[in-house]
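# Examination of the molecular architecture
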Amino acid sequence: MIRRTKDERSTVDRTRFPAEEWRLVEQRFSAEDLGVTETLFAVGNGYLGMRGNVEEGRDSHTHGTFINGFHETWPIRHAEEAYGFARVGQTIVNVPDTKVIRLYVDDEPLLLTVADLIAYERSLDLRDGVLRREVTWRTPSGKAVRLRTERMASFAERHLAVMTFEVEMLDAAAPVAISSQILNRQDGQDEYHVRSAAMGEGFDPRRANQFSERVLQPQTQWGDDERLVLSYQCTNSGMTLAVAADHRLSTENAWDMRTQVDPDLAKHVYRVQAEPGRPIRLTKVVAYHTSRGVPGRELVDRCRRTLDRVRDQGVGAQLDKQREWLDDFWARSDVEIPGRPEVQQAVRWNLFQLAQATARAEGSGVPAKGVTGTGYGGHYFWDTEIYVLPFLTYTSPRYARNALRFRYQMLEAARKRAQDLSQRGALFPWRTISGEEASAYYAAGTAQYHIDADIAYALVQYFRATGDADFMRREAVDVLVETARMWEDLGFWRANGGDEDFHIHGVTGPDEYTTVVNDNLFTNVMARFNLRAAAEAVERVRAAYPEDHRLMVDRLGLDDVEVQRWRQAADRMAIPYDEGVGIHPQDSHFLDREIWDLSATPPEKRPLLLHYHPLVIYRYQVLKQADVVLALFLQGHHFTEEEKLADFEYYDPLTTGDSTLSGVVQSIIAAEVGYHELAMEYFLSALFVDLANLHANAAHGVHVASAGGTWSALAYGFGGMRDYEGILTFDPRLPDGWESLTFRVTWHGSRLRVTVRSDGLELVAETGDGAEVGVRGERVKVAPGEPVHVALDAHGPVRHGRPGRRALAGHRREDGTLITARVPHS
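## A closer look at the nonpolar core
The biggest cluster of nonpolar side chains holds 202 residues, and the ones touching the most others in it are Trp-566, Tyr-650, Phe-683, Trp-738, Leu-741 and Leu-763. Per-element accounting of this core gives the leading share, 13 residues, to helix α12 (residues 521-544). One finds Val-54, Phe-165, Met-169 and Ile-178 within the second-largest nonpolar core, a separate group that totals 26 residues.

Right, here's the structure in full:
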């Protein structure tokens, strides 16, 4: 009998959201969690995103339609100025809303929060990407009305969304009015000015800034019997936008139409004398186009071409292309977990979110919330390279290339930022949309220099998985060289017992609860990787492409002496290790701090960042997210199994998990070192972080990095996959009670299907020429059409429970003082 954990059943209300493996279904409407469901039922394609607001508009927590990269700028005002501080803030703009289609029957509006709903179902089908809703409403006068709606953001046509709105009187005639609108709200605010209902409440520094002045300046507005058009320009950034909507009404009832076009509102109002059994079907096709400065009239022309093409091809063709696109996506990306419908549904929902956040981003980055919300201001972080890019690299390499080319296009701005901070080379911004640093808090922002190494890591991982030498020799090598230059310039040499070591001071690692430190282990380990990768890339280009090497040397001013300095710095990189405690300290002074006793911290004081001043947190050994443990994963071949176990057992009790980036990494290493139950616990916490609103902030948008991390937890954690030094290997850790785990990996043009079972591993080359991989130290050749079975006698070491508070067990520092634990006064 398959055993199912309590968490798999209870993290989501299954009476309201049943566990269907290919659909997310809501069977009962509730106004209590509108913000969350608006996120869960959002549709997008990486360029255009629409929150799951109901078409009627009024019953909303946070209205939202977003274009990736379309932003407004504003001056960052620091209470106390200093040289090099970020100057220009950037925030994603809530663009004009085309989802609004209001319904009136007998002049009474449909408002779900007060409506007498006889039947209700809303579903997001992960196979065709269409959001559907069916409602049966009893009006105040007692008439039954059936409403069916559909909404789709097209993956095949980047600028396109399609909506349908069908109304049918079931038992009586009535006058019906349908008002289809393009509505420009100021920063997504409720047009009825019920701010608390429309925008949510409460303090949270992770939320986006809101504008007090007008953002979008009207440029064009017009409409005819079919088409409505509005265009705008951002007040400060100068970015331009046009939006257009085509309408077609189909019904056997008598009807007429009124059109209104104003600077912030364009609408068609259809007035229908509806008879029972005669449906009214409105099809609305919309196009958005944006630019950094192209005049609005040009963007209007682009919208026209998009809509004209759809009119010629038909809406049905768009739905067919959407299904075809998603069929291909699932063929190369699906992860199968038989017998676990709750987990299976959640996994596919998370993978679908990755498609919605990345597929058509083309020329832009991947926002922390995708295009589903304004959380983190629509900014791009290092999350993309470490948590999202592995999924893209191994399932959709072309999308990975697009994301990496976006970083390459930021290179000039990164060079300028390095100069601002008195460094050579390039320093990429910790958070940005335009390429300029947008973090106003340098300690936990700009000081995270590790982003350079994270980008280098993703570039090399992509190259090793694809063999894309064209990208490496023409563009990627420039990023590797300039980031290596930054590390070599930032660090310094210091003698230690006769030998000189290379140190990096004054940086912040991934853990934002410990800032501006010396020799952060994660930073140093990743910088070492970056320096070596740059040297290897230069030599590879020299050997294989002499002319490209000559051009590279000329444009970068590179010489052999500099490359040799990178190797020397990497070879002598300071890697903190404490013999007494037997672990790698997170930084050179980490063990000098006292320990924050998390077990004695009241639950109402979590997350810490919302209840304690940063200075209080910085004084303690306490982690927001995995730091050393992340290094154990990304560069695991540089650590022994004993070191991994000791480090994990020390840091796990100190890690709050206040960041959603932490759980997946802890799951991967927990699985590797033998804490299988804990690995599953962390995996489920990441898998359901949005679906069960585990961090109480899903209303701000999807946690895209966590969604990417769920794939990593499955492939790297339970599948045991590693890709160190360009060699693909497997050492599985199938969870207890799972029948099997199947996932796909694209390696040098061949798609491998990997199936893990309790007694063995099966490898199948679904496409391409096959590949050679490693399984627990043995080389295995996978040829096309020839499944390979490798017997497994176990799934690694087994350790029950979770690490005890090893860090608190009377350990002494090198100076003999005792490490103690406490909780600071609130």
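Still more ground to cover, so stick around.
## Some details on the packing of helix α11 (residues 469-490) against helix α13 (residues 546-556)
Running from N to C, α11 and α13 cross one another at 40°; their axes reach a closest spacing of 11 Å. Of the possible angle classes, the one that applies to α11 and α13 is oblique. α13 is crossed by α11, and the crossing has right-handed handedness. Packed against α11, whose contacting residues are Arg-473, Arg-474, Val-477, Asp-478, Val-481, Glu-482 and Arg-485, the element α13 presents Asp-548, Met-552, Arg-555 and Leu-556 at the interface. Split into classes, the residues belonging to the contact of α11 with α13 amount to 4 nonpolar, no polar and 7 charged.

## Quick word on empty space enclosed by the protein
By the definition in use, this model includes 9 cavities of 30 Å³ or more. Here the second largest cavity defines a volume of roughly 100 Å³. Around the second largest cavity, the lining residues are Tyr-457, Val-460, Gln-461, Arg-464, Phe-529, Leu-634, Gln-635, His-637, Asp-723, Tyr-724 and Glu-725. Of the residues forming the lining of the second largest cavity, the biggest block, 4 residues, is contributed by helix α10 (residues 450-466). Residues that form the lining of the second largest cavity fall into these classes: 5 nonpolar, 3 polar and 3 charged.

## Notes on the pairing of strand β11 (residues 160-169)
When you tally the buried positions in β11, you get 10 out of 10 residues, the bulk of the element. Along β11, one buried face is formed by Leu-160, Val-162, Thr-164, Glu-166 and Glu-168 and the opposite face, lined by Ala-161, Met-163, Phe-165, Val-167 and Met-169, is buried too. Sheet topology note: the strand β10 (residues 144-153)/β11 ladder contains 9 bridges and is antiparallel. When the bridges of β11 are listed, Arg-148 appears paired with Glu-166. Pairing of β11 with strand β18 (residues 280-291), which is carried by 8 bridges, proceeds in the antiparallel orientation. Across the sheet, the residue bridging to Glu-166 is Arg-281, located in β18.

## Digging into the sheet that holds strand β21 (residues 594-596)
Taken in spatial order, the 3 strands make up an open sheet running β22-β21-β31, and their pairing is parallel. Here the strands that pair on one side only, and so sit at the sheet edges, are β22 (620-621) and β31 (821-822). For β21 and β22, the ladder comprises 2 bridges, and the chain directions are parallel. Note on β22: the bridge partner recorded for Glu-594 is Tyr-620.

## A few points about the pattern of salt bridges
One pass over the structure, following the stated rule, counts 80 salt bridges. When the shortest N-O distance is used, the salt bridge between Glu-55 and Arg-151 registers 3.1 Å. With Glu-55 in the loop between β3 (48-50) and β4 (65-75) and Arg-151 in strand β10, the pair connects residues that are 96 residues apart, well separated along the chain. By the burial criterion, Glu-55 is buried, and Arg-151 matches it. In this structure, the salt-bridge partner of Arg-751 is Glu-766, at a minimum N-O distance of 2.8 Å. Here Arg-751, found in strand β26 (residues 750-757), pairs with Glu-766, found in the loop between β27 (760-765) and β28 (771-775); they are 15 residues apart in sequence, far enough to count as distant. Here Arg-751 falls in the buried class, since its relative accessible area comes to 17%. Salt bridges linked by common partners bring Arg-401, Arg-405, Asp-468, Asp-470, Arg-473, Arg-474, Glu-475 and Asp-548 together as one network.

## Points about the packing of aromatic side chains
This model, assessed by the stated rule, comprises 31 aromatic pairs. Positioned above the aromatic ring of Phe-41 is the side chain of Arg-122, whose terminal nitrogen or guanidinium carbon lies 4.4 Å from the ring centre. Just above the ring of Tyr-545 sits the side chain of Arg-473; from NZ or CZ to the centre is 4.6 Å.

## A few points about the sheet that holds strand β25 (residues 740-747)
Each strand in a sheet pairs with its neighbour through backbone hydrogen bonds, running either in the same direction (parallel) or in the opposite one (antiparallel). The strand order β25-β26-β27-β30 describes an open sheet built from 4 strands, whose pairing is antiparallel. The sheet is open, and its two edges are formed by β25 and β30 (788-791), each paired on a single side. Pairs of neighbouring strands in the sheet enclose a mean axial angle of 20°, with direction left out of account.

## Looking at the side chain of Gln-181
Here Gln-181 is to be found in strand β12 (residues 174-183). Using a relative accessible area of 5% as the deciding quantity, one classes Gln-181 as buried. Each residue touching Gln-181, except ones within four places of it in the same chain, is listed here: Asp-97, Thr-98, Val-100, Arg-102, Leu-265, Ala-266, Lys-267 and Lys-284.

## Quick word on the environment of Tyr-675
Its location among the elements puts Tyr-675 in the loop between α18 (662-673) and α19 (676-687). Here the alpha-carbon distance between Tyr-675 and Phe-688, two residues 13 residues apart in the chain, equals 20 Å. Excluding residues within four positions of it along the chain, Tyr-675 makes contact with Leu-645, Phe-648, Glu-649, Ala-670, Arg-799, His-800, Gly-801, Arg-802 and Pro-803. Within the local environment of Tyr-675, its side chain forms a polar contact with the side chain of Glu-649, the two groups lying 2.5 Å apart.

## Some details on the confidence of the model for the protein
Of the residues in the protein, 95% reach a pLDDT of 70 or more, and the chain-wide mean stands at 94. Scored below 50 in pLDDT, residues 1-6 makes 12 contacts in the model with residues more than four places away or belonging to other chains. Note on residues 193-206: pLDDT under 50 across the span, and 34 contacts to partners over four residues away in sequence or across chains.

## Quick word on helix α9 (residues 411-420)
Of the residues making up α9, those classed as buried are Leu-411, Ala-414, Arg-415, Arg-417 and Ala-418. All buried residues of α9 project into a common sector of 160° when viewed along the axis, lining one side. Exposed side of α9, more than 90 degrees from the buried face: Glu-412, Lys-416 and Gln-419 are the residues found there. Tucked inside the fold, the buried residues of α9 contact α8 (397-409), α11 and α13. One or two steps after α9, the chain reaches Ser-422, where phi turns positive at roughly 60°.

## Some points on the side chain of Arg-227
Along the chain, Arg-227 turns up in strand β14 (residues 227-234). Residue class for Arg-227 comes out buried when judged on its relative accessible area of 8%. One polar contact links Arg-227 to Asp-308, side chain to side chain, over a distance of 2.9 Å. Beyond its immediate stretch of four places on either side in the chain, Arg-227 contacts Trp-222, Ala-245, Asp-246, His-268, Arg-304, Leu-307, Asp-308 and Arg-311.

## Some points on helix α14 (residues 560-571)
Look at α14: 17 Å from first C-alpha to last across 12 residues, which is about the 16 Å you get at 1.5 Å a residue. Where α14 is concerned, the buried positions are Glu-562, Val-563, Trp-566, Ala-569 and Ala-570. Along the axis of α14, the buried residues cluster in a sector spanning 120°; they form a single face. What points out from α14, more than 90 degrees from its buried face, is the exposed set Asp-560, Val-561 and Asp-571. Of the surrounding elements, those touching the buried residues of α14 are α11, β19 (492-496), β20 (499-503) and α12. Backbone nitrogen of Val-561 and a side-chain oxygen of the N-cap are separated by 3.1 Å at the start of α14; the cap is Asp-559.

About the criteria used
- Residues numbered from 1 in each chain as written.
- Predicted model: local features only at pLDDT ≥ 70, side-chain atom pairs only at ≥ 80, totals over all residues.
- Heavy atoms only, no water.
- Core = buried A, V, L, I, M, F, W, Y, C linked by side-chain atoms within 4.5 Å.
- Buried < 20%, exposed > 50% of the residue type's maximum accessible area, 1.4 Å probe, protein only.
- Helix = DSSP H or I, 4+ residues; strand = E, 2+ residues; numbered from the N terminus.
- Axes fitted to C-alpha atoms, helices over the stretch in contact; angles between N-to-C directions.
- Parallel < 35°, antiparallel > 145°, perpendicular 65-115°, else oblique.
- Left-handed = near helix turned anticlockwise from the far one by under 90°.
- Contact = heavy atoms within 4.5 Å.
- Nonpolar A, V, L, I, M, F, W, Y, C, P; charged D, E, K, R; others polar.
- 1 Å grid on protein atoms, 1.4 Å probe; cavity = no way out; pocket = protein on both sides within 12 Å on 5 of 7 lines; lining within 4 Å.
- Points joined across faces, edges and corners; volume = space filled by probe spheres on them.
- Pairing = 2+ DSSP bridges.
- Salt bridge = Lys/Arg side-chain N within 4 Å of Asp/Glu carboxyl O.
- Phe/Tyr/Trp six-rings, centres within 6.5 Å; stacked < 30°, edge-to-face > 60°.
- Lys NZ or Arg CZ within 6 Å of the ring centre and 35° of its normal.
- Polar contact = N/O pair within 3.5 Å; in protein donor to acceptor, adjacent residues only side chain to side chain.
- pLDDT = per-residue confidence, 0-100.
- Arc of directions from axis to C-beta.
- Expected span 1.5 Å × (residues − 1).

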